[in-house]
Amino acid sequence: MTETVSPVGSSQVTGVSRKRADLMTHVLGDAGLMKHVLSGPQVPLSAAATFELATQAKPFDHAPGLLDLLDGLGLGQFEPGSLVSPVGRNDSWVGTTTTGRRVFAKQLLGPHGSVDQRFRRIASFERHREASGFTHLRSPHMLGAHASNGQVVFEGLEDGESLAAQVIRGSGTPERSREVGRAIGELHSSGQHAAIEYDTSKPELPQIGHFNEFPLERYLNSTWGELQVVKLHQDDAAFAAAVKNLLSEEEKTPGVPSHCDLRLDQVMISGDRVHLLDWEEFRLADAARDIGSFAGEWVYRAIMDIVRADQSAPNIEISLDHDLIIERGVAKLLELRPHIVQFWAGYTENAALGDPADTAVRATGFAGWHLHDRLLASSQFRSTLPPIERAAAGIGRSMLLKPQKFAAVLGLGGEES
């Protein structure tokens, strides 16, 4: 089914600086948004523009000993009818046990070295959280673990819903993003504790080697979609230089306790409280990474929504032309920008920033990279890259090349920036 949608009128930017809207129009055009979106047929929009959240419960075949771990912790067994498995890189289960406890259990997957590192980061965060006595940062407590099996068990959140799910339903508010900002600001300002061993390695991506070489083993195990992304990156010298510059600036910045994988589906709302999940990448890192990831999530969401005709009917395709693409892109960025503005406001309430403007510029660069990280992640499951995903990557490229210009557009710097 195809539906033609009228261009967004100026009434939808009422109360918002026309100068800001004009700047957004300019930067979206600079990024080649129209060219990418119109460059080929759209994939089904439910695949291109939604967050997968949970599926039917997986079997426990790849988690030997997990049920024994639950028993050993005095939690009993999962009630079969209560189980679901959140989508992610690991096998995991959420449900109620026979003792009436709500529990989240995870089996870390991957090469042994990777599983061991991620387990140690989770344990490091647990110790850091206990030593820091956070006020704003909340996260489900670990109930137990089996290190050699790579298994962790956490308290489950009653009636928990991710911020990603709330965004899909249209119920996620900027105030929630402000609460996330307060929590991340508190984390970044919590310092280091002498008795805790922190991971000081750099996150896996981005890395300069990605632009210069491609190991044979990785080539042989890549999808055609991944190979297209590699070509996209290796053919773009300006993009590679911008990434190299961002990493050079990061090297000059002292690391702080950081989440390093902050996405909307890692934010859970239970009752009236915000909780942050999944600390597998916890380490000392540039604060701009977390800020940029969260801002980048909203930009990604805005670009994905350009091709969505109706939030209640995500599989309806829409007919797009140049003016409509730019109009919808500007409208969606203006609509979602308050989330970034409020996140930054909450963050600066609690974070001890040396130079907020410098942090905002680096964060904008990492927000740009986040859109490419999203492209890399989705390409693992595709033989071709949807035009709208390329469009998001094009916006990310512009953000990396001109972060000073984009910081104000995103709202990293205040409401009136």
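Data block above holds the structure.
Residues numbered from 1 in each chain as written. Predicted model: local features only at pLDDT ≥ 70, side-chain atom pairs only at ≥ 80, totals over all residues. Heavy atoms only, no water.

Asker: Is there a simple way to think about the sheet that holds strand β10 (residues 267-270) in this case?
Answerer: Remark on secondary structure: sheet strands pair via backbone hydrogen bonds, oriented parallel or antiparallel. One open sheet holds the three strands; their spatial order is β8-β10-β11, and the pairing between them is antiparallel. One side of each edge strand has no neighbouring strand; the edge strands of this open sheet are β8 (161-162) and β11 (273-276). Relative to β11, β10 runs antiparallel, the two sharing four bridges. Bridge pairing in β11 places Met 268 opposite His 275. The sheet contacts of helix α7 (residues 174-188) involve β10 and β11, and relative to β11 the element is tilted by about 50°. (Pairing = 2+ DSSP bridges. Helix = DSSP H or I, 4+ residues; strand = E, 2+ residues; numbered from the N terminus. Contact = heavy atoms within 4.5 Å. Axes fitted to C-alpha atoms, helices over the stretch in contact; angles between N-to-C directions.)

Asker: Would you mind going over the packing of aromatic side chains with me for this structure?
Answerer: Geometry of an aromatic ring pair is reported as the spacing of the ring centres plus the angle between the planes. Inspection of the entire model under this criterion finds 14 aromatic pairs. Judged by centre distance (5.4 Å) and plane angle (70°), the ring pair of Phe 125 and Phe 282 falls under edge-to-face. Taken together, the residues Phe 125 in helix α5 (residues 112-132) and Phe 282 in the loop between β11 and β12 (283-285) connect sequence positions 157 residues apart. Here the two residues Phe 125 and Phe 282 agree in accessibility, since each one is buried. Members of the aromatic cluster, each reached through a chain of ring pairs, are Phe 294, Trp 298, Phe 343, Trp 344 and Tyr 347. (Phe/Tyr/Trp six-rings, centres within 6.5 Å; stacked < 30°, edge-to-face > 60°. Buried < 20%, exposed > 50% of the residue type's maximum accessible area, 1.4 Å probe, protein only.)

Asker: Looking at this model, I keep getting lost on unusual backbone geometry. Mind explaining?
Answerer: Among all residues save glycine, negative phi is the norm, and among peptide bonds the norm is trans. Along the chain, Leu 205 connects to Pro 206 via a cis peptide bond; the corresponding omega equals -5°. Positive phi is not limited to glycine here, since Cys 260 has a value of about 70°. Its place among the elements puts Cys 260 in the loop between β9 (256-258) and β10. Cys 260 gets classed as buried once you look at its relative accessible area, which sits at 17%.

Asker: How should the packing of helix α15 (residues 387-401) against helix α16 (residues 403-410) be read in this particular structure?
Answerer: To characterise two packed helices, one gives the angle between the axes of the helices and the distance between these axes. It is the contact of α15 with α16, at a shortest axis distance of 6 Å, that shows an interaxial angle of 115°. Facing α15, whose interface residues are Ile 395, Ser 398, Met 399, Leu 400 and Leu 401, α16 presents Pro 403, Phe 406 and Leu 410.

Asker: Is there a simple way to think about the environment of His 259 in this case?
Answerer: With respect to the helices and strands, the residue His 259 is situated in the loop between β9 and β10. Judged by relative accessible area, His 259 falls into the buried class, the value being 0%. Measuring from C-alpha to C-alpha, the distance between His 259 and Phe 282 comes to 4.8 Å, with 23 residues separating the pair along the chain. Contact partners of His 259, with chain neighbours within four places excluded, come to Leu 187, Gln 266, Leu 277, Asp 278, Trp 279, Glu 281, Phe 282 and Asp 290. One polar contact links the side chain of His 259 to the main-chain amide nitrogen of Asp 261, over a distance of 3.1 Å. (Polar contact = N/O pair within 3.5 Å; in protein donor to acceptor, adjacent residues only side chain to side chain.)

Asker: Please clarify how α16 should be interpreted in this entry.
Answerer: Residues that lie three or four places apart on an α-helix share one face, since the helix turns once every 3.6 residues. Considered for burial, the residues of α16 that qualify are Pro 403, Phe 406, Ala 407, Val 409 and Leu 410. The buried residues of α16 occupy an angular sector of 170° when the element is viewed end-on, so they sit on one face. (Arc of directions from axis to C-beta.)

Asker: What should I look at first to understand the packing of helix α14 (residues 356-379) against α15 in this one?
Answerer: Running from N to C, α14 and α15 cross one another at 155°; their axes reach a closest spacing of 7 Å. What the angle tells us is that α14 and α15 run roughly antiparallel. The chirality of how α14 crosses α15 is left-handed. In this structure, α14 uses Thr 364, Gly 365, Ala 367, Gly 368, Trp 369, Leu 371, His 372, Leu 375 and Ser 378 to contact α15, whose residues at the interface are Glu 389, Ala 392, Ala 393, Ile 395, Gly 396, Arg 397, Met 399 and Leu 400. Within the contact of α14 with α15, the residues separate by chemical class into nine nonpolar, six polar and two charged. (Parallel < 35°, antiparallel > 145°, perpendicular 65-115°, else oblique. Left-handed = near helix turned anticlockwise from the far one by under 90°. Nonpolar A, V, L, I, M, F, W, Y, C, P; charged D, E, K, R; others polar.)

Asker: Is there a simple way to think about the nonpolar core in this case?
Answerer: Within soluble globular proteins, side chains that are nonpolar tend to cluster in buried spots. Grouped together as the largest cluster of nonpolar side chains are 69 residues, with contacts concentrated most on Leu 276, Phe 294, Val 299, Ile 303 and Leu 412. In terms of residue count, the dominant contributor to this core is helix α12 (residues 287-304) (11 residues). Listed in part, the 11 residues of the second largest apolar core include Leu 69, Phe 78, Trp 93 and Val 153. (Core = buried A, V, L, I, M, F, W, Y, C linked by side-chain atoms within 4.5 Å.)

Asker: Just checking my understanding: could you explain helix α11 (residues 237-251) for this structure?
Answerer: Counted at 1.5 Å a residue, the expected span for α11 with its 15 residues is 21 Å, and the 21 Å between its end C-alpha atoms agrees. Turning to α11, its buried residues are Phe 239, Ala 240, Ala 242, Val 243, Leu 246, Leu 247 and Glu 250. End-on, the buried residues of α11 take up no more than an arc of 160°, which puts them together on one face. Away from its buried face by more than 90 degrees, α11 exposes Ala 237, Lys 244 and Glu 251. (Expected span 1.5 Å × (residues − 1).)

Asker: Whenever I open this one, a nonpolar patch on the surface confuses me. Can you help?
Answerer: Judged by side-chain polarity, Leu 216, Tyr 219 and Leu 220 come together as a nonpolar surface patch covering roughly 360 Å² of accessible area. Its place among the elements puts Leu 220 in helix α9 (residues 216-220). Residue class for Leu 220 comes out exposed when judged on its relative accessible area of 60%. (Patch = residues over 30% accessible without salt bridge, like charges linked within 9 Å, V, L, I, M, F, W, Y side chains within 5 Å. Areas by Shrake-Rupley, 256 points an atom, 1.4 Å probe, with all protein chains shown as cover. Salt bridge = Lys/Arg side-chain N within 4 Å of Asp/Glu carboxyl O.)

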